[in-house]
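As a plain string of letters, each chain reads:
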Amino acid sequence: MAFGVTVSGKLQTRQIVLNDTTLRDGEQAPGVAFTTAEKLSIARVLASAGITEIEAGTPAMGYEEVSAIRAIVEASLEATIIAWCRMKRSDVDAAIESGVAMVNISVPSSDLQIAAKLGIGRVAALEQLKRIVGYARDRGLDVAVGGEDSSRADVNFLIELITAAKNAGARRFRVADTLSVLDPDAAFALVAALRANTDLEIEFHGHDDLGLATANTLAAIKAGATHASVTVIGLGERAGNAPLEEVAVALKQLYGRDTGVVLPELENVAALVAAAAVRTIPLNKAIVGEHVFTHESGIHVDGLLKDQRSYQALDPQLLGRSNRFVIGKHSGIAAITALLSELRLSVSAEESRVILARVRKHAVEHKGEVGRETVMTIWRELCERSLPKGA
Ligand SMILES: CC(=O)SCCNC(=O)CCNC(=O)[C@H](O)C(C)(C)COP(=O)(O)OP(=O)(O)OC[C@H]1O[C@@H](n2cnc3c(N)ncnc32)[C@H](O)[C@@H]1OP(=O)(O)O
Ligand SMILES: O=C(O)CCC(=O)C(=O)O
């Protein structure tokens, strides 16, 4: 099915809204603990990067968290600040204290979670949800209902929850694949079934235990989700959430869909969050990894030098970045010749082959790229050796 086409076949022109939950689900990653100042800086860079919804934290955690969320609200960013709540009046009261205008009220939706966590049944969970949504609406809050563990729930019960949420005044239902049990086909089918039964906003919240969070999120959007939960560099519970940078760029690159995210800001946002989370961004991390536009293999470098399109689908300029060539074990003659010519060093074809052999040996011995200085040293030594004695 083509992107942007609903199950009923109607073309959609809507913009996909990304709800960034780095400050809530992201911070639930083991060992991650942001200070209030870090939370505020992250919220600021997210808003400057065009994110219009920020799930900023869990007010039920107490005074510090409420103050941090309040500081973000008081920064008057161009974004809706959302607080995460359980179905408890005290959680909603704490959210009100934090100053947010919108809450996400979470309801365990699978039979297993309803029974195990809350010790009640479906009917009681439904009643509790209605009461709390009404309580929040009466206090002027916008309400999204978070269907925790939606992907293991009975779809008919999800529809009952959504109907109850809507009747109580909620504007959105979040379909959470809490434990990553969906693949893209199943994510599409689930969201399509819900889409066919409600006109509420639908947010998809994917986790990455199987490395499918981004794919599942795209499938959910194809099926009619209007919103997607994301976190910077995929920070979040266990293997994390759908990464903001992957979802925003994939939507643009694959489907030409704009999320309002300023793509060249993503690298800075990722660096800030990684530093505050004390996490390292893997060199090969999609979109924001240092090496994702770096090329070493001889055949690739040769192809890129002849025509960039031969080995480039995602234009680094879209992200304010550029291609980089490095010399290493997999370099070929074209890369060596190009580098030496850039350095204005002349070599014969035979000398290039000798330099390449030395480069390979050096790369294996030092397990890494071979820097320009090293290539120049190899070149110099070769020249000295070929000079006639006494010259
Ligand atoms: C999938 C997700 O990401 S869910 C969000 C997870 N986020 C967090 O846990 C945020 C950090 N958590 C915390 O700081 C604490 O757990 C708090 C402040 C929220 C609660 O702390 P405590 O009162 O000590 O409760 P504790 O964490 O031990 O247990 C959770 C309680 O919430 C209840 N609960 C869980 N989900 C819900 C819900 N959606 N609605 C109502 N109650 C819920 C549990 O039944 C349990 O209640 P019980 O103590 O009566 O059995
Ligand atoms: O209930 C929600 O809002 C979703 C909670 C969550 O983070 C999840 O289920 O993974």
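- The name given to the protein in an unreviewed UniProt entry is Homocitrate synthase, and the organism recorded there is Bradyrhizobium manausense.
- Per UniProt, the protein has the following entry under Function (unreviewed entry): "This protein is a Fe-Mo-cofactor biosynthetic component."
- The heading Catalytic activity (unreviewed entry) in the UniProt record of the protein holds the text "acetyl-CoA + 2-oxoglutarate + H2O = (2R)-homocitrate + CoA + H(+)".

1. Here's the deal with the overall build of the protein
- Along the protein, the regular secondary structure elements total 14 helices and 10 strands.
- Along the three orthogonal principal directions, the C-alpha set of the protein runs to about 95 × 45 × 35 Å.
- Counting only residues that meet the buried cut, the protein has 51% of its 391 residues in that class.
- Taking as baseline every contact in the protein between residues at least 6 positions apart, the subset at least 24 positions apart corresponds to 72%.

2. So, the confidence of the model for the protein
- Overall, the prediction assigns the protein a mean pLDDT of 95, with 95% of residues at 70 or greater.
- Here residues 1-12 is modelled with pLDDT under 50, and outside its nearest four sequence neighbours on either side it reaches 20 contacts, counting other chains as well.
- The ipTM, which scores confidence in the relative placement of chains, is 0.99 for this predicted complex, and the corresponding pTM is 0.95.

3. A few points about the site of ligand 1
- What surrounds ligand 1 is a group of 13 residues, the closest being Gln28, Arg86, Met87, Ser106 and Lys117.
- In the environment of ligand 1, an oxygen atom lies 3.2 Å from a nitrogen or oxygen atom belonging to the side chain of Arg24.
- Separating an oxygen atom of ligand 1 from a side-chain N or O atom of Gln28 is a distance of 2.9 Å.
- About the coverage of ligand 1: the protein hides 55% of its 1,000 Å² of free accessible area.
- Broken down by secondary-structure element, the contributors of at least two residues to the shell around ligand 1 are strand S4 (102-108) and helix H4 (111-118).
- Partitioned by chemical class, the residues of the shell around ligand 1 number 6 nonpolar, 3 polar and 4 charged.

4. So, the sheet that holds strand S7 (residues 201-206)
- Overall, parallel pairing links the 8 strands, which are arranged S1-S2-S3-S4-S5-S6-S7-S8 in a closed barrel. Across the sheet, the axes of successive neighbouring strands diverge by a mean angle of 25°, strand direction being ignored.
- Bridge analysis of S4 against strand S5 (residues 142-148) gives 7 bridges, and the strand direction is parallel. Bridged to Met102 within S5 is Asp142.
- Contacting strand S6 (172-177) and S7, helix H7 (residues 184-195) crosses the sheet at an angle of about 160° to S7.

5. Section: the nonpolar core
- Ranked by internal contacts, the top residues of the largest apolar core, which has 95 residues, are Leu18, Val103 and Ile105.
- Residues in contact with Val103, not counting those within four places in the same chain, are Ile82, Ala83, Cys85, Ala95, Ala136, Leu141, Asp142, Val143 and Ala144.
- Listed in part, the 16 residues of the second largest apolar core include Leu339, Ile355, Val359 and Ile378.

6. Side note on the environment of Ser331
- Position of Ser331 among the secondary structure elements: in the loop between strand S10 (324-325) and helix H12 (333-342).
- Distance in space between the C-alpha atoms of Ser331 and Leu356 is 7.5 Å, their sequence separation being 25 residues.
- The contact partners of Ser331, leaving out residues within four places of it in the chain, are Glu296, Gly298, Val326, Leu356 and Arg360.
- Within the structure, Ser331 has its side chain in polar contact with the backbone nitrogen of Gly328 (distance 2.8 Å).

7. A closer look at the packing of helix H2 (residues 63-74) against helix H3 (residues 89-98)
- Axis separation between H2 and H3 bottoms out at 8 Å; the angle between their running directions is 45°. With respect to H3, the element H2 is oriented oblique. Contacts from Val66, Ile69, Arg70 and Val73 of H2 reach H3 at Ala94, Ile96, Glu97 and Ser98.
- Of the residues contributing to the contact of H2 with H3, the split by class is 5 nonpolar, 1 polar and 2 charged.

Definitions and limits used
Residues numbered from 1 in each chain as written. Chains lettered and ligands numbered in written order. Predicted model: local features only at pLDDT ≥ 70, side-chain atom pairs only at ≥ 80, totals over all residues. Heavy atoms only, no water. UniProt positions renumbered as here; feature names shortened; annotations may be inferred. Helix = DSSP H or I, 4+ residues; strand = E, 2+ residues; numbered from the N terminus. Buried < 20%, exposed > 50% of the residue type's maximum accessible area, 1.4 Å probe, protein only. Contact = heavy atoms within 4.5 Å. pLDDT = per-residue confidence, 0-100. Near = heavy atom within 4 Å. Polar contact = N/O pair within 3.5 Å; in protein donor to acceptor, adjacent residues only side chain to side chain. Areas by Shrake-Rupley, 256 points an atom, 1.4 Å probe, with all protein chains shown as cover. Nonpolar A, V, L, I, M, F, W, Y, C, P; charged D, E, K, R; others polar. Pairing = 2+ DSSP bridges. Axes fitted to C-alpha atoms, helices over the stretch in contact; angles between N-to-C directions. Core = buried A, V, L, I, M, F, W, Y, C linked by side-chain atoms within 4.5 Å. Parallel < 35°, antiparallel > 145°, perpendicular 65-115°, else oblique.

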